[in-house]
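So you can see what is in the structure, the chains are spelled out below.
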Amino acid sequence: MANEPHAYTAVTAGWAATLVDSSVMLDVLTGDAAWAQWSGDALAQARDDGRLVINPIVYAEVSTGFGRIEDLDDAVPAGDFEREPLPFEAGFVAGKAFLIYRKRGGQRRSPFPDFYIGAHAAVRRYRLLTRDAARYRTYFPSVDLIAP
């Protein structure tokens, strides 16, 4: 969405903020043979550049590999990944992106999690670290993507 409403600055005290998509986190946590190295290096660079942020949707997607919340929190420490709620404005932007998807012939009846993640990055003007860039590029062209 070229003109996402309610955009905020991603820079706090000179540090860029990067919203981390679950694809990258899962690559590292599962030791994915094809992508763990790239994702780990990209995470390290994003951390060097500033803050790493996740939202409840990313947290939920990553949680599926864990039996206990304590184990998840050990693997994804709050000191390394700031937890941020999904802004209400992001819900609005996600809905608009979903409407475009439906008008283009999409068959889903409710928005994909990626719509909420992309909208969160858009309204906060965060960079988005992802390995699944196609949908984000299509529906959130203003978001600065870090992708292979």
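Residues numbered from 1 in each chain as written. Predicted model: local features only at pLDDT ≥ 70, side-chain atom pairs only at ≥ 80, totals over all residues. Heavy atoms only, no water.

## Focus on the packing of helix 1 (residues 22–30) against helix 2 (residues 36–49)
Relative to each other, helix 1 and helix 2 sit at 115°, their axes nearing to 8 Å. For helix 1 against helix 2, the interelement crossing comes out left-handed. Along the contact surface, helix 1 presents Val24, Asp27 and Val28, while helix 2 presents Ala36, Trp38, Ser39, Gly40 and Leu43. (Axes fitted to C-alpha atoms, helices over the stretch in contact; angles between N-to-C directions. Helix = DSSP H or I, 4+ residues; strand = E, 2+ residues; numbered from the N terminus. Left-handed = near helix turned anticlockwise from the far one by under 90°. Contact = heavy atoms within 4.5 Å.)

## Some words on the environment of aspartate 27
Within the secondary structure, aspartate 27 sits in helix 1. Considering only alpha carbons, one finds aspartate 27 and glycine 40, 13 residues apart in sequence, at a separation of 8.0 Å. Setting aside anything within four residues of it in sequence, one finds aspartate 27 in contact with Asp32, Trp35, Ala36, Ser39 and Arg131.

## Thoughts on the packing of aromatic side chains
The full count for this structure, using the stated rule, is eight aromatic pairs. Aromatic side chains tyrosine 101 and phenylalanine 115 sit 5.9 Å apart centroid to centroid with 65° between the ring planes, which places their arrangement in the edge-to-face category. With a gap of 14 residues between them, tyrosine 101 in helix 5 (residues 88–103) and phenylalanine 115 in helix 6 (residues 113–124) connect regions that are remote in the sequence. We classify tyrosine 101 as buried; its relative accessible area is 12%. When its relative accessible area of 0% is taken as the criterion, phenylalanine 115 is described as buried. (Phe/Tyr/Trp six-rings, centres within 6.5 Å; stacked < 30°, edge-to-face > 60°. Buried < 20%, exposed > 50% of the residue type's maximum accessible area, 1.4 Å probe, protein only.)

## Description of the packing of helix 1 against helix 3 (residues 56–63)
When two helices pack together, you describe them by how their axes are tilted relative to each other and by the distance separating the axes. Closest axis-to-axis distance for the helix 1/helix 3 pair is 9 Å, and the angle between their directions is 35°. Considering only the axes of helix 1 and helix 3, their crossing is right-handed. Residue-level contacts link Ser22, Met25, Leu26 and Leu29 of helix 1 to Val58, Glu61 and Val62 of helix 3. Among the residues making up the contact of helix 1 with helix 3, the classes are represented as five nonpolar, one polar and one charged. (Nonpolar A, V, L, I, M, F, W, Y, C, P; charged D, E, K, R; others polar.)

## A short note on the side chain of threonine 130
Tracing the backbone shows threonine 130 in the loop between strand 4 (127–129) and helix 7 (133–139). Here threonine 130 falls in the buried class, since its relative accessible area comes to 0%. Here aspartate 132 takes part through its backbone nitrogen, which lies 3.0 Å from a polar atom of the side chain of threonine 130. Ignoring any residue separated from it by four or fewer positions in sequence, one finds threonine 130 in contact with Asp21, Ser23, Val24, Trp38, Tyr136, Leu145, Ile146, Ala147 and Pro148. (Polar contact = N/O pair within 3.5 Å; in protein donor to acceptor, adjacent residues only side chain to side chain.)

## Topic: the pattern of salt bridges
Taken as a whole, this structure holds eight salt bridges when the rule is applied. With its nearest N and O atoms 3.2 Å apart, the salt bridge here joins aspartate 49 to arginine 127. Of this pair, aspartate 49 sits in helix 2 while arginine 127 sits in strand 4; the two residues are 78 residues apart in sequence, bridging distant segments of the chain. Since its relative accessible area comes to 30%, aspartate 49 is described here as partly exposed. Here arginine 68 and aspartate 71 are joined by a salt bridge, their closest N and O atoms 3.3 Å apart. Using a relative accessible area of 47% as the deciding quantity, one classes arginine 68 as partly exposed. Where salt bridges share partners, they join Arg68, Glu70 and Asp71 into one cluster. (Salt bridge = Lys/Arg side-chain N within 4 Å of Asp/Glu carboxyl O.)

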